[in-house]
Amino acid sequence: MFRRLASLFGRRAGTAGRDALPAGVRLYAVGDVHGQDDLLDMMLGRIRADVEAAGGGVQSTVVMLGDYIDRGLGSARALERLSTLSDMPFAMRFLKGNHEEAMLDFLADASAGPVWVQYGGGETLAGYGVKPPSAQDGSQAWQDAQAALIEAMPDHHRTFLERLEPYVVVAPYIFVHAGVDPAKPLAAQTERDFYWIREKFLNSSRRFEYTVVHGHTPEQDYYQDERRIGIDTGAYLTGVLTAVRLEGATATFLQSRRGER
């Protein structure tokens, strides 16, 4: 479900936060991919062209905000793309989302499977050629599915998942998948806060020392205020994947849309 409604998608720019990035530093963040590998490829191409147009005087880093998998049948292809990226004119950082955490839980313990498929894990299994068990199937079916996924999954996919980061800080921003708990200082946040929090964070008015850049909660348009920048536009439902470019004190939004080139 979308958290709010907006009348249009577009590319707009505004003041990103209270402070600015140093001159010559440019950051990009990309929202939840959810198995939309075509939109991912399109977005990476657009970011590459944007970086190359800036010339060699700009140091660019792309932060992927997590939830690369589930809900879309291109989940395995998205992991392959991200885990084998090379020769890009920018550095990359990869965050863990709650969906990657759920997949890792299943890889470690087959009993986590029924919960994972409620979040869209069935599409990820299918993307690896593994038939998802039905709700009526017992524990042996889930163990068989786990074994089949481990067999089908390239080692570098699992290594990629296991090395995902819980957060990235580049002042004046903190990049997380879901958000932060406004009841706690940043130093006391847990990984569960970073991967799962929603309304408690979104409805708070507390401002942290960093502007929070996040995904996790689908919105029909990106969101920006002095506290946070939200860029999950529900790609698996809308066919629109959103990124934000941060440079100086300005945020500019880029989108890849299914049907566009």
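Asks: I'd like to hear about the side chain of Asn 98, residue by residue, with values.
Replies: The topology assignment puts Asn 98 in helix α3 (residues 98-108). At a separation of 3.0 Å, a polar atom in the side chain of Asn 98 contacts the side chain of His 177. Dropping the residues within four chain positions of it, Asn 98 is found in contact with Asp 67, His 177, Tyr 195, Trp 196 and His 216.

Asks: Before we move on, could you go through the pairing of strand β11 (residues 250-257) and cite the residues and values that matter?
Replies: Looking along a regular strand, one sees side chains alternate from face to face of the sheet. Summarising burial for β11: six of the eight residues are buried, a large majority. In this structure, strand β10 (residues 240-247) lies alongside β11, joined through eight bridges in antiparallel fashion. Looking at β11, one finds that Leu 241 is bridged to Ser 256. Counting the residues that bridge the hairpin from β10 to β11 gives two residues, and of these Gly 248 lies at a positive phi of roughly 60 degrees.

Asks: Go over the side chain of Ser 256, please, and point to the residues and values.
Replies: Looking at the secondary structure, you find Ser 256 in strand β11. Residue Ser 256 is classed as buried on the basis of its relative accessible area, which comes to 0%. Among the polar contacts made by the side chain of Ser 256, one reaches the main-chain carbonyl oxygen of Leu 39 at a distance of 3.1 Å. If we skip the residues at most four places from it in the chain, Ser 256 touches Leu 39, Met 42, Met 43, Arg 46, Gly 239, Val 240 and Leu 241.

Asks: Explain the pairing of strand β5 (residues 167-170) residue by residue, including any values.
Replies: Summarising the sheet, β5 and strand β6 (residues 173-176) pair through four bridges and their orientation is antiparallel. Considered in β6, the bridge of Val 168 is made with Phe 175. Counting the residues between successive antiparallel strands, the hairpin from β5 to β6 contains two residues.

Asks: Lay out the nonpolar core in plain terms, naming residues and giving numbers.
Replies: Grouped together as the largest cluster of nonpolar side chains are 43 residues, with contacts concentrated most on Met 64, Tyr 68, Phe 94, Met 103 and Leu 149. In terms of residue count, helix α1 (residues 37-54) provides more of this core than any other element does, six residues in total. Apart from residues no more than four positions distant in its own chain, Met 64 is found in contact with Val 30, Val 33, Leu 40, Leu 82, Met 92, Arg 93, Phe 94 and Leu 95.

Asks: How would you sum up the sheet that holds strand β7 (residues 211-214)? Please name residues and give values.
Replies: Reading across the sheet, the five strands line up as β5-β6-β7-β9-β8 and stay open at both edges, with mixed pairing between neighbours. Whereas interior strands pair on both sides, the edge strands pair on one side only; in this sheet they are β5 and β8 (223-224). Looking at chain direction, β6 and β7 are connected through three bridges and run parallel. Bridging across to β7, Tyr 173 finds its partner in Thr 211.

Asks: Account for the pattern of salt bridges, with residues named and values stated.
Replies: For the coordinates displayed, the defined rule picks out 13 salt bridges. Between Arg 207 and Glu 226 there is a salt bridge; the shortest N-O distance is 3.8 Å. On the criterion of sequence distance, the pair formed by Arg 207 in the loop between α9 (199-202) and β7 and Glu 226 in the loop between β8 and β9 (228-230) is long-range, its members being 19 residues apart. The partly exposed category is assigned to Arg 207, whose relative accessible area is 42%. Judged by its relative accessible area of 32%, Glu 226 falls in the partly exposed class. Residues joined by salt bridges that share partners form a network here, namely Arg 26, Asp 50, Arg 245 and Glu 247.

Asks: Help me get a handle on the packing of aromatic side chains, residues and values and all.
Replies: Under the counting rule described, the total for this entry stands at eight aromatic pairs. With a centroid separation of 5.2 Å and 35 degrees between ring planes, the pair formed by Phe 106 and Trp 116 is classed as tilted. Linking Phe 106 in helix α3 with Trp 116 in helix α4 (residues 113-118), this pair joins segments that are 10 residues apart in sequence. Comparing Phe 106 with Trp 116, the two get one shared label, buried. Centre to centre, the rings of Tyr 167 and Phe 194 are 5.2 Å apart; their planes meet at 45 degrees, and the pair counts as tilted. One end of the pair, Tyr 167, is in strand β5; the other, Phe 194, is in helix α8 (residues 191-196), and 27 residues separate them in sequence. Within the aromatic cluster, the residues linked to one another by ring pairs are Tyr 68, Phe 94 and Phe 160.

Asks: So what's going on with the confidence of the model for the protein? Residues and values would help.
Replies: Confidence in the prediction for the protein averages 92 pLDDT; 93% of positions are at 70 or higher. Of the regions scoring below 50 in pLDDT, residues 1-12 engages in 43 contacts with residues more than four places distant in sequence or in other chains.

Asks: Give me the lowdown on the packing of α1 against helix α2 (residues 75-83), citing residues and values where you can.
Replies: Relative to each other, α1 and α2 sit at 25 degrees, their axes nearing to 9 Å. Comparing their axes, α2 and α1 come out roughly parallel. Here α1 contributes Asp 37, Leu 40, Asp 41 and Leu 44 to the contact with α2, which in turn contributes Arg 77, Ala 78, Arg 81 and Leu 82. For the contact of α1 with α2, the residue count by class is four nonpolar, no polar and four charged.

Parameters and conventions
- Residue positions are given per chain, counting from 1 as you read along its sequence in written order.
- Side-chain atom pairs in this predicted model are given and counted only at pLDDT of 80 or more, local residue features only at pLDDT of at least 70, and totals for whole chains, interfaces and linings cover all residues.
- Side-chain descriptors were evaluated using all non-hydrogen atoms of the structure, hydrogens and water having been removed beforehand.
- Numbering of helices and strands starts at the N terminus; helices are DSSP runs of H or I of at least 4 residues and strands are runs of E of at least 2.
- Between N or O atoms, a polar contact is any pair within 3.5 Å; within protein, one atom must be a potential hydrogen donor and the other a potential acceptor, and residues adjacent in sequence are included only when both atoms are from side chains.
- Contacts: residue pairs with any heavy atoms within 4.5 Å of one another.
- Each residue is assigned to one of three classes by its accessible area relative to the maximum for its type, calculated with a 1.4 Å probe on protein chains only: buried under 20%, partly exposed between the two thresholds, exposed over 50%.
- For two strands to be treated as a pair, DSSP must find no fewer than two bridges joining them.
- Take the buried residues of types Ala, Val, Leu, Ile, Met, Phe, Trp, Tyr and Cys, join any two whose side-chain atoms come within 4.5 Å, and each joined set is a nonpolar core.
- Put simply, a salt bridge is a Lys or Arg side-chain nitrogen that is within 4 Å of an Asp or Glu carboxyl oxygen.
- Here a pair means two rings of Phe, Tyr or Trp (six-membered ring of Trp) with centres within 6.5 Å. Their orientation is stacked below 30 degrees between planes, edge-to-face above 60, and tilted elsewhere.
- pLDDT is defined as a per-residue confidence score from the predictor, taking values between 0 and 100.
- Geometry is summarised by axes, namely lines fitted to C-alpha atoms with helices restricted to the contacting stretch, and by angles between N-to-C directions that run from 0 to 180 degrees.
- Oblique is the label for any angle not covered by the other classes, which are roughly parallel (under 35 degrees), roughly antiparallel (over 145) and roughly perpendicular (65 to 115).
- Throughout this entry, Asp, Glu, Lys and Arg are counted as charged residues, while Ala, Val, Leu, Ile, Met, Phe, Trp, Tyr, Cys and Pro are counted as nonpolar. The remaining residues, Gly among them, count as polar.

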